[in-house]
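# Close look at the chain arrangement
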Amino acid sequence: MRRLFEDAPVARLATVDPNGRPHIVPVCFALEGDILYFAVDDKPKRTADLKRLRNIASNPAVALIADHYEDDWAKLWWARIDGTARVVTDPAEAEQAIDLLARRYRQYRQARPAGPVVAVSIESLSGWSGS
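Residues numbered from 1 in each chain as written. Predicted model: local features only at pLDDT ≥ 70, side-chain atom pairs only at ≥ 80, totals over all residues. Heavy atoms only, no water.

## A few points about the overall build of the protein chain
A count of helical and extended segments in the protein chain gives 4 helices and 7 strands. Overall, the protein chain shows an N-to-C arrangement of helices and strands of α-β-β-β-β-α-β-β-α-α-β. Expected size for 131 residues packed as a compact globule is a radius of gyration near 14 Å; at 15 Å, the protein chain falls within 12% of this value. Viewed in the frame of its principal axes, the protein chain has a C-alpha envelope of about 40 × 40 × 30 Å. Across the 131 residues of the protein chain, 40% fall into the buried class. Considering only contacts within the protein chain whose residues lie at least 6 apart along the sequence, 69% involve residues at least 24 apart. Surface summary for the protein chain: the accessible area is close to 7600 Å², and the carbon and sulfur share equals 53%. Across the protein chain, the 18 positively charged side chains and the 18 negatively charged ones have centroids separated by 5 Å. (Helix = DSSP H or I, 4+ residues; strand = E, 2+ residues; numbered from the N terminus. Rg over C-alpha atoms; globule rule 2.2 N^0.38 Å. Buried < 20%, exposed > 50% of the residue type's maximum accessible area, 1.4 Å probe, protein only. Contact = heavy atoms within 4.5 Å. Areas by Shrake-Rupley, 256 points an atom, 1.4 Å probe, with all protein chains shown as cover. Lys, Arg positive; Asp, Glu negative; His and termini not counted. Charge placed at Lys NZ, Arg CZ, Asp CG, Glu CD.)

Shown next as structure tokens:
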């Protein structure tokens, strides 16, 4: 399942707000050992006060899912990571995470994410495959 997750172009990040309401957004990510990194990038957003960051601050438990669909259902798969998220405060770790993201995404080589960077400590990985 990890290999499938690693190869996915994007994942969907699920967080929960203080009222228990779920919030899901797509994220570009990179894996390093048992840590998944994503960063706030320069794509247009309505505000810099992002709900995903507020939710992580109030409840760091997160889930990410990556999946693949084809008409041939034998090729379907999904993989989920459950973990604990934190905003990276160490500049060296943030820079290393952005380097990982830039290696993975051409767009990040052209416009490095300004951050903040989030690290998710992977606690479990589960999934399913039709094959």
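## Some remarks on the sheet that holds strand β5 (residues 61-68)
Pairing is antiparallel across the open sheet formed by 7 strands, whose spatial order is β2-β1-β5-β6-β7-β4-β3. The outermost strands of the open sheet, each flanked by one partner alone, are β2 (22-27) and β3 (30-32). Strand-to-strand, the axes of this sheet are offset by a mean angle of 35°, without reference to chain direction. With 5 bridges connecting them, strand β4 (residues 35-39) and strand β7 (residues 117-129) associate as antiparallel partners. (Pairing = 2+ DSSP bridges. Axes fitted to C-alpha atoms, helices over the stretch in contact; angles between N-to-C directions.)

## Concerning the packing of aromatic side chains
Within this structure, the stated rule accounts for 2 aromatic pairs. For the ring pair Tyr 105 and Tyr 108, a centre distance of 5.6 Å and an interplane angle of 65° mean the geometry is edge-to-face. Of the residues examined, Tyr 108 reaches a relative accessible area of 6% and is grouped as buried. We note Arg 104 situated over the ring of Phe 29; from NZ or CZ to the ring centre the distance is 4.4 Å. (Phe/Tyr/Trp six-rings, centres within 6.5 Å; stacked < 30°, edge-to-face > 60°. Lys NZ or Arg CZ within 6 Å of the ring centre and 35° of its normal.)

None of this, on its own, says anything about what the molecule does.
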